[in-house]
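Descriptive analysis of the structure
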Amino acid sequence: MALPKSWPTLAAVQPADDFDAAGLQALADRMQAFVDEGSVIGMQTLLVKDGKVVQYGSYGVRDVETGAPVKPDTLYRIYSMSKPITGVALMQLHEQGKFSLNDPITKYIPEFENLKVLDGMNEDGTPKLKDLQRPATMRELMSHTAGFAYGLGGDDYANEQFRVQEVLRAPDLDTFIDKVAGIPLLYEPGTKWYYSAAVDVQGYLVEKFSGMSFGDYLKTNIFAPLNMDDTGFYVPEAEYDRLADVMFYSPEDGKFIPLYSENMQFRKETIPFESGGGGLISSMDDYGRFCQMMLNGGMLSGHRVLKPETILMMRSDQLPEGLGIGIDGTLAGPESMQQHKFGLDFGIITDPAAMKSPAGKGTYYWGGAAGTWFWIDPENDLFFIGMIQRFGALPSETADFRAESMRLVYEALEE
């Protein structure tokens with residue numbers, strides 16, 4: 001599909017024969033209600049089908065103090081929605097023959113050769129460790145089955161060490177790798193799905209395979225070809241007023257209030273290292289171009305980013321038999337008869353009926369820590385992106401932004 005460099009023009013919503021107009025209005029009304037109810041101060045949503053913008057919504061404000069509204073050029077901390085972009089970068093290098101998915105990661109990161117796996121705790125509080133049966137593979141690294149911890153949760157020794165050693169605040173990727181090499185795995189590779197720091201390891205491998213800094217590689221090989229001019233690891237000072245406030249729920253105030261801590265600022269001087277797992281800032285139209293490239297089988301506006309067969313591999317289940325995922329990028333995994341599956345840096349809905357999803361078979365998706373979410377549905381040739389910035393939730397709140405938007409999109413989609 002040949003699309004202009006300026007695509008998508010967010011204000012240029014086109015009539016869609018495939019959607020019921022009242023259903024699309026119900027979607028917009030529900031997203032506005034999230035703002036009115038105080039669940040978020042601002043939100044953007046984008047629905048694209050067959051390469052056409054069929055719904056774009058801009059709700060609420062991006063700056064709680066000035067009341068500046070959310071606009072098409074608002075910038076967002078996308079956190080773990082960085083992961084699919086990192087996966088695309090690494091798979092470009094896979095296409096160049098830099099590695100095989102079945103290669104052990106120790107082939108490229110010898111620092112991991114002495115990794116151990118946790119085997120319980122001793123009475124004195126020290127960890128019991130044992131040798132790995134085998135090193136993790138590149139496929140396992142890209143599907144969160146390599147056994148690494150993350151430090152974002154968990155009271156086990158490995159996750160605790162990620163926090164104590166401030167692994168995710170390492171000054172550079174080399175130091176990050178050295179720190180990870182000294183922390184035991186949670187599980188034997190290939191035995192469990194555990195959301196982990198593996199995608200930051202992938203960012204390090206992009207540097208090693210390409211000979212470029214991770215940020216320069218992304219800019220040269222993904223952002224520039226896709227015209228993703230607003231995506232990067234920090235916000236330039238001249239553009240800083242476009243960055244949406246990130247909010248957190250304060251029990252004392254009884255509402256969401258702005259979070260101004262240093263690690264939320266995304267200024268160049270506050271960035272520890274270029275994090276492939278959660279470090280990117282982006283905009284709605286930039287991420288829309290990324291999603292359309294994926295939906296097109298790796299090409300956009302005449303630029304080939306990946307081969308169609310590589311895209312197919314990334315959105316195909318890579319988990320061992322019987323494994324499924326535990327979270328969906330923003331929330332605990334949805335309760336259903338069957339867990340969602342995982343490809344290479346994407347969650348996957350392989351069986352919509354069993355997974356209680358209205359989406360098409362083969363839909364793939366992820367989300368970010370501050371609530372951003374997206375899904376790409378090849379069966380129906382559509383994608384959806386939601387952008388918000390918040391941590392925590394209102395008391396007794398049941399807001400599930402992805403589930404609500406997904407339900408309303410497919411209710412509006414006519415057979």
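Anyway, here's the lowdown on the structure attached to this text. Just so it is clear, the model here is predicted, and its values are computed rather than measured.

Conventions adopted
- Numbering of residues starts from 1 in every chain and runs along the sequence as written.
- Local features in this predicted model are restricted to residues of pLDDT 70 or higher, and side-chain atom pairs are both shown and tallied only at a pLDDT of 80 or more, whereas totals for entire chains, interfaces and linings draw on every residue.
- As a convention, hydrogens and water are excluded, and side-chain values are obtained from all of the structure's heavy atoms.
- Between any two strands, pairing holds if DSSP finds at least two bridges.
- Only runs of H or I of at least four residues qualify as helices and only runs of E of at least two qualify as strands under DSSP, and these elements are numbered from the N terminus.
- For this analysis, residues touch if any pair of their heavy atoms sits within 4.5 Å.
- Every definition here rests on a 1 Å grid over the protein atoms only: cavities are sets of points where a 1.4 Å probe fits but cannot get out, pockets are open sets enclosed by protein on both sides within 12 Å along at least five of seven lines, and lining residues have some atom within 4 Å of a point.
- Grid points are joined across faces, edges and corners, and a volume is the space filled by probe spheres set on the points.
- Residues are grouped as follows: Ala, Val, Leu, Ile, Met, Phe, Trp, Tyr, Cys and Pro are nonpolar; Asp, Glu, Lys and Arg are charged; every other residue, Gly included, is polar.
- Note on aromatic pairs: the rings of Phe, Tyr and Trp (six-membered ring only in Trp) are paired at centre separations within 6.5 Å, and the planes decide the class, stacked below 30 degrees, edge-to-face beyond 60, tilted for the rest.
- We count a charge as sitting over a ring when the NZ of a lysine or the CZ of an arginine lies within 6 Å of the ring centre and within 35 degrees of the ring normal.

Thoughts on the pairing of strand S6 (residues 247-250)
Examined bridge by bridge, S6 and strand S7 (residues 255-258) share four bridges and lie antiparallel to one another. Along S7, the bridge assignment pairs Phe-248 with Ile-257. The antiparallel pairing of S6 with S7 creates a hairpin that spans four residues between the two strands, and Gly-254 there sits at a positive phi of about 70°. With two bridges connecting them, S6 and strand S16 (residues 390-391) associate as parallel partners. Pairing of Phe-248 across the sheet is with Phe-391, part of S16.

A closer look at the environment of Met-43
Its place among the elements puts Met-43 in strand S1 (residues 42-49). Through-space distance from the C-alpha of Met-43 to that of Lys-71 is 9.5 Å; in sequence the pair is 28 residues apart. Setting aside its immediate chain neighbours within four residues, Met-43 contacts Met-31, Phe-34, Gly-57, Ser-58, Tyr-59, Val-70, Trp-373, Met-387, Ile-388 and Phe-401.

Remarks on unusual backbone geometry
Although it is not a glycine, Asp-50 sits at a positive phi angle of roughly 55°. Tracing the backbone through its elements, the reader meets Asp-50 in the loop between S1 and strand S2 (52-60). Although it is not a glycine, Asn-227 adopts a positive phi angle of roughly 60°.

What about the layout of surface pockets?
Of the voids in this model, the largest pocket is the one considered here, and its volume is about 1,200 Å³. Lining the largest pocket we find 49 residues, and of these Tyr-79, Tyr-150, Leu-152, Ala-369 and Phe-391 sit closest to its centre. Contributions of two or more residues to the lining of the largest pocket are made by helix H4 (157-164), S16 and helix H10 (401-412). Of all the elements, H4 adds the most residues to the lining of the largest pocket, at three residues. Of the residues belonging to the lining of the largest pocket, the class tally is 24 nonpolar, 17 polar and eight charged. What the second largest pocket holds in volume is close to 510 Å³.

Looking at the packing of aromatic side chains
Going through the model one piece at a time under the given rule, you end up with 26 aromatic pairs. Each member of the aromatic cluster is reached from another via a ring pair, and the members are Phe-34, Trp-373, Trp-375, Phe-384, Phe-401 and Tyr-410. Note that Arg-30 overlies the ring of Phe-34, its terminal NZ or CZ placed 4.0 Å from the centroid. The ring centre of Tyr-240 lies 3.7 Å from the NZ or CZ of Arg-267, which sits over that ring.

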